[in-house]
Amino acid sequence: MQSGSTACFLRACRRERTPFTPVWLMRQAGRYMPEYRALRARYGFLELCKNPEAAAEVTLQPVEKLGVDAAILFADILLVLEPLGIGLEFTRGDGPRIHRPVRSHHDVKRLDRVPVEEAVPFLFETVRLVRKALSDRVPLIGFAGAPFTLASYLVEGGPSREFLFTKRLMREEPAAWDALMRMLGEITAEYLNGQIAAGAHAVQLFDSWIGTLAPSDYRDYVLPYTRRVIQQLTPGVPVIHFGTGTAGLLHLMKAAGGDVIGLDWRVEIGPTWERLGYDIAVQGNLDPAVLLADVGEVRRGVKEILDSVAGRPGHVFNLGHGVHKETPVDHVTALVDIVHELSAR
Ligand code: CP3
């Protein structure tokens, strides 16, 4: 028998009725937490990710402190790209940098593919350590970047607003785009299946930046590759498919696959779910900025979402994107308690 939160989370992903709405938060382990900052004072970000004991400790911090109903592996979507020889660095304040971006067919050919087991062995070890420590109290969610979001970092060389290099490569060198997206899809499927084999109960595919695309471009240049990744995953493990700015893409994301669609706060959850169809579960969708306001506002925001969903089975509560580093920890604890209180049936 799986204990409370694990069973509740897995049932919600399968659209079965649950005693309360399970809640976890993207970036629940991170810089807003003093315990995380204390560890980060001793290790660089990549160093922390590559140290299984420390990464397991960070993964468990929010479970102990916040009472969330799932742990999310402490890692990063860009870790699998580092062994390609692209010069990945996390600079303080600026986020990730890729020193040798991929902008042509020649650049795609240059990438060194190593088997994922050899590339990120530390990560599978972290999964095993977390599973042992959790002993099924709450489920462990593994994750990966989806091919488009990974490609956008590789091509732009870092975060971007307009994704112009990416959109140019996609159109001007379709063969290079195809080769790159195929390779990233293979890596992603292998990487997620490795996390599942090591013990992840569910996986989330982050396609954080697809909201930059026209629907027809998503359909032609992205959907087939994401679909292939999801089709290759170990059956029976729930897949959460997430993006931001996706109001015009949700039907296409659903067609690409996944058991749960992750929604950001730019859509109204109830009517959006109705349009998407009740044959899929949904996750979301509080604006993470609400957590900067007082607890009364947090309560109001949670209530609005729960009212909109109206107790329909198949809702996992989350933010619409990650916790901001400026967030007061006690507001996050309050959020988790409020979701449990208002959704208890
Ligand atoms: O709790 C969790 O959600 C697990 C940990 C997690 C991290 N990154 C840790 C992290 C997860 C799920 C990610 C995914 C990730 N990484 C995404 C997809 C999710 C999203 O936010 O859209 C993306 C796009 C990345 C790439 C990345 N990593 C960026 C853009 C940054 C800088 C962001 C920032 O806030 O500065 C990172 C760094 C990063 N990844 C941090 C953490 C805790 C901050 C690193 C630090 O300690 O300095």
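Whatever comes next refers back to the structure up there.
Residues numbered from 1 in each chain as written. Predicted model: local features only at pLDDT ≥ 70, side-chain atom pairs only at ≥ 80, totals over all residues. Heavy atoms only, no water.

Enquirer: When you look at the site of the ligand in this model, what are you seeing that I'm missing?
Expert: For the ligand, the set of nearby residues contains 23 residues, the closest of which are Arg-27, Arg-31, Tyr-36, Ser-208 and His-321. Taking Gln-28, its main chain carries an N or O atom lying 3.2 Å from an oxygen atom of the ligand. In the environment of the ligand, a nitrogen atom lies 2.6 Å from a nitrogen or oxygen atom belonging to the side chain of Asp-76. Within the residue set of the shell around the ligand, elements represented by two or more residues are α2 (34-40) and β3 (95-98). Along the lines of polarity and charge, the residues of the shell around the ligand split into 15 nonpolar, four polar and four charged. (Near = heavy atom within 4 Å. Polar contact = N/O pair within 3.5 Å; in protein donor to acceptor, adjacent residues only side chain to side chain. Helix = DSSP H or I, 4+ residues; strand = E, 2+ residues; numbered from the N terminus. Nonpolar A, V, L, I, M, F, W, Y, C, P; charged D, E, K, R; others polar.)

Enquirer: Just to check I follow, could you spell out the sheet that holds strand β8 (residues 281-286) for this structure?
Expert: As summarised here, the arrangement of the seven strands in space is β1-β4-β5-β6-β7-β8-β9, forming an open sheet in which the pairing is parallel. Whereas interior strands pair on both sides, the edge strands pair on one side only; in this sheet they are β1 (71-72) and β9 (315-319). Strands in contact with helix α12 (residues 223-231) are β5 (202-207) and β6 (239-243); relative to β5, the strand with the most contacts, it is inclined by about 170°. Docked against the sheet, helix α14 (residues 269-276) engages β7 (260-262), β8 and β9, running at close to 155° with respect to β8. (Pairing = 2+ DSSP bridges. Contact = heavy atoms within 4.5 Å. Axes fitted to C-alpha atoms, helices over the stretch in contact; angles between N-to-C directions.)

Enquirer: What am I meant to see in the side chain of Thr-244 here?
Expert: On the secondary structure map, Thr-244 appears in the loop between β6 and α13 (250-256). Not counting chain neighbours up to four residues away, the residues in contact with Thr-244 comprise Asp-207, Ser-208, Trp-209, Gly-211, Asp-264, Arg-266, Gly-320 and His-321.

Enquirer: Just to check I follow, could you spell out the pairing of strand β2 (residues 88-91) for this structure?
Expert: Both β2 and β3 contribute to a ladder of four bridges, which runs antiparallel. Pairing of Thr-91 across the sheet is with Gly-95, part of β3. Hairpin geometry of β2 and β3 is characterised by an intervening segment of three residues between the two adjacent antiparallel strands and by a positive phi of about 90° at Gly-93.

Enquirer: So what exactly am I meant to see when it comes to the packing of helix α4 (residues 52-66) against helix α7 (residues 121-134) here?
Expert: The angle between the axes and the distance between the axes are what describe a pair of packed helices. It is at 8 Å that the axes of α4 and α7 come closest, and there the two elements cross at 45°. What the angle tells us is that α4 and α7 run oblique. In the crossing of α4 with α7, the sense of the turn from one axis to the other is right-handed. Residue-level contacts link Pro-52, Glu-53, Ala-55, Ala-56, Thr-59, Leu-60 and Val-63 of α4 to Phe-122, Glu-125, Thr-126, Leu-129, Val-130, Ala-133 and Leu-134 of α7. For the contact of α4 with α7, a count of residues per class yields 10 nonpolar, two polar and two charged. (Parallel < 35°, antiparallel > 145°, perpendicular 65-115°, else oblique. Left-handed = near helix turned anticlockwise from the far one by under 90°.)

So yeah, pure geometry; function would need other evidence.
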